[in-house]
Amino acid sequence: MIFLDNASTTKVYDKAIEAMDKIYREDYFNPSATYKGGREALSHITKARETIASYLSVKKDEIYFTSCATESNNWVLNNAFKNKKGNIVISCGEHACVYETAKNLASKGLDVRFAPINEDGTVNVAELLKLVDDKTNLVSVIHVSNETGVINDLATISKKVKSKSPKTLIHSDGVQAFMKTNTNLMRLGVDFYSISGHKIGAPKGVGVLFIKSGIHIAPYIYGGGQEKNMRSGTENVAGISALGVASQCYKELYNLTTIEANYNLLLSEIKSIDGVEIIGNTENNSKLIVCASINGVRAETLQSIMADSGVYIGRGSACSSAHSGNRVLSAMGIPDSKIAGAIRISLSPQTTQEEIITATNVLKENINKLRGYQIG
Ligand code: PLP
């Protein structure tokens, strides 16, 4: 089996499983308990918080553990309006968990503004700035697109937004960026940043929200006061610990030279197929995601027969693949006929050149098969 759908989820690292196993079997105490075992459980959380904070170049007190990035994003967006005042601006390239939350706010009559994206998938910064005024509470721009892998220049966007409206807060969904590109949040100038464990070899069900110190946001869940009273509920100690361990594993395995070589190999193999168009901007892109439209085949069918051949690839966002079409690709101006054939291949630091060669050979065979069936 060759798994090339790593933007949808990833295999959990053995070391993360070992860390969880120890917690479930031995250190299963409630981290709020003040006796020795409780303190031990709490120390796993503290360690993970320190690790994540160091990879984001922020203070550990600015890290809040959540159940997933969807929760982190909902937390920020749903608190962006105080007394229904002001407006928020999001890009049209956002993941569903930001976009649908914003749409829900708009359906309640709140002023939600949508900034268009360019042909390459990046947000149109000039248009975004036109939407920002001194009443803008929040701007939310995805860091790396889950659809195309294109990277938004957050440092420039934050700077320009803040110079037009100094009080506006900046949020970014960093799910496809964390550990995969530069996420020095001080340099990026964001106030909120969301990450998800299961995209970097941690289990599903653990996420993070960075909240810059000094920023006021209402708690997400009220209760026993965990996460500094901001997100109550007994912590997912095993998941949180695994997130810290997985991010260390990811860092150890991440070799930029190898990853770039793999990306270039994948690109050249895909480009060698007739009737293929690469979607996005290969220069300014995550080296782990390739989105391509294949003429004359339906991505859904191709994905399914590829899986039958033992190669797993994606098509658009897994979260939205139950819906037809692709909102983000449409916003890039890609016609429905091309979207129908759009696949997404996403790599991990462990992906090998042999896997890429085998997978692209299987891809070529299956495309020929489908085109043959369609012609015949
Ligand atoms: N944001 C982006 C960019 C994603 O790719 C995903 C997952 O598909 C999410 C948010 C949602 O993350 P989670 O599954 O942790 O809720």
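Bear in mind the structure is a predicted one, so any value in this text is a computation, not a measurement. (Residues numbered from 1 in each chain as written. Predicted model: local features only at pLDDT ≥ 70, side-chain atom pairs only at ≥ 80, totals over all residues. Heavy atoms only, no water.)

K.L.:
I'm lost on the pattern of salt bridges in this one. Help?
P.N.:
It is possible for side chains of opposite charge to pair when their charged atoms get near one another. Here the structure, examined in full by the defined rule, presents 14 salt bridges. The residue arginine 231 makes a salt bridge to glutamate 71 at a minimum N-O spacing of 2.7 Å. Here glutamate 71 lies in helix H3 (residues 69–77) and arginine 231 lies in the loop between strand E8 (207–211) and helix H8 (237–253), a separation of 160 residues in the sequence. Here arginine 231 falls in the buried class, since its relative accessible area comes to 15%. Here lysine 162 makes a salt bridge to aspartate 191, at a shortest N to O gap of 2.7 Å. Residue lysine 162 is found in helix H6 (residues 154–164), and its partner aspartate 191 is found in the loop between helix H7 (185–188) and strand E7 (192–196); the two are separated by 29 residues along the sequence. Since its relative accessible area comes to 25%, lysine 162 is described here as partly exposed. (Salt bridge = Lys/Arg side-chain N within 4 Å of Asp/Glu carboxyl O. Helix = DSSP H or I, 4+ residues; strand = E, 2+ residues; numbered from the N terminus. Buried < 20%, exposed > 50% of the residue type's maximum accessible area, 1.4 Å probe, protein only.)

K.L.:
Explain the layout of surface pockets here, please?
P.N.:
Rolled over the atoms, a probe sized like a water molecule indicates the empty space that remains. A volume near 380 Å³ is recorded for the largest pocket. Lining the largest pocket are 20 residues, with Lys82, Thr136, Asn137, Lys167 and Leu169 sitting closest to its centre. Grouping the amino acids of the lining of the largest pocket by side-chain chemistry returns nine nonpolar, five polar and six charged. (1 Å grid on protein atoms, 1.4 Å probe; cavity = no way out; pocket = protein on both sides within 12 Å on 5 of 7 lines; lining within 4 Å. Points joined across faces, edges and corners; volume = space filled by probe spheres on them. Nonpolar A, V, L, I, M, F, W, Y, C, P; charged D, E, K, R; others polar.)

K.L.:
What am I meant to see in the pairing of strand E2 (residues 63–66) here?
P.N.:
Successive residues of a regular strand alternate their side chains across the two faces of the sheet. Burial along E2 is two-sided: the face carrying Ile63 and Phe65 and the face carrying Tyr64 and Thr66 are both buried. Note: E2 against E8, four bridges, orientation antiparallel. In the sheet register, isoleucine 63 faces E8, and the bridge partner there is phenylalanine 210. (Pairing = 2+ DSSP bridges.)

K.L.:
Explanation requested: the sheet that holds strand E3 (residues 87–91) in the structure shown.
P.N.:
Sheet strands associate in pairs through backbone hydrogen bonding, adopting either a parallel or an antiparallel arrangement. The mixed open sheet is built from seven strands, whose spatial order is E2-E8-E7-E6-E5-E3-E4. Each of the sheet's edge strands pairs with one partner strand only, and the pair in question is E2 and strand E4 (111–115). Between one strand axis and the next, the sheet turns by 20° as a mean value, whatever way the strands run. (Axes fitted to C-alpha atoms, helices over the stretch in contact; angles between N-to-C directions.)

K.L.:
How should I be thinking about the environment of phenylalanine 114 in this particular structure?
P.N.:
Here phenylalanine 114 lies in strand E4. Residues phenylalanine 114 and asparagine 73, 41 residues apart in the sequence, show an inter-C-alpha distance of 16 Å.

K.L.:
Got a minute to help me understand the site of the ligand in this structure?
P.N.:
For the ligand, the set of nearby residues contains 14 residues, the closest of which are Thr70, Asp173, Gln176, Ser196 and Lys199. In the model, an oxygen atom of the ligand is placed 2.8 Å from a nitrogen or oxygen of the glutamine 176 side chain. In the environment of the ligand, an oxygen atom lies 2.8 Å from a nitrogen or oxygen atom belonging to the side chain of histidine 198. Protein chains shield 92% of the accessible area of the ligand, which is 400 Å² for the free molecule. A per-class count over the shell around the ligand returns six nonpolar, six polar and two charged. (Near = heavy atom within 4 Å. Polar contact = N/O pair within 3.5 Å; in protein donor to acceptor, adjacent residues only side chain to side chain. Areas by Shrake-Rupley, 256 points an atom, 1.4 Å probe, with all protein chains shown as cover.)

K.L.:
Looking at this structure, how should I read helix H10 (residues 299–308)?
P.N.:
Working note: α-helix, 3.6 residues per turn, so residues spaced by three or four point in the same direction. Residues Ala299, Leu302 and Met306 constitute the buried set of H10. For H10, the angular spread of buried residues about the axis comes to 60°, placing them on one side. Phi turns positive, to about 90°, at glycine 310, one or two residues after H10. (Arc of directions from axis to C-beta.)

K.L.:
Just checking my understanding: could you explain the packing of helix H1 (residues 14–25) against H8 for this structure?
P.N.:
Each pair of packed helices can be described by the angle between their axes along with the distance between the axes. Two elements in contact, H1 and H8, have axes separated by 8 Å at closest approach and are oriented at 160°. Our classification of the angle between H1 and H8 gives roughly antiparallel. As for the relative orientation of H1 and H8, their crossing is right-handed in sense. Of the residues in H8, those touching H1 at Lys15, Ala16, Ala19, Met20, Ile23 and Tyr24 are Val237, Ala238, Ser241, Ala242, Val245, Ala246, Cys249 and Glu252. (Parallel < 35°, antiparallel > 145°, perpendicular 65-115°, else oblique. Left-handed = near helix turned anticlockwise from the far one by under 90°. Contact = heavy atoms within 4.5 Å.)

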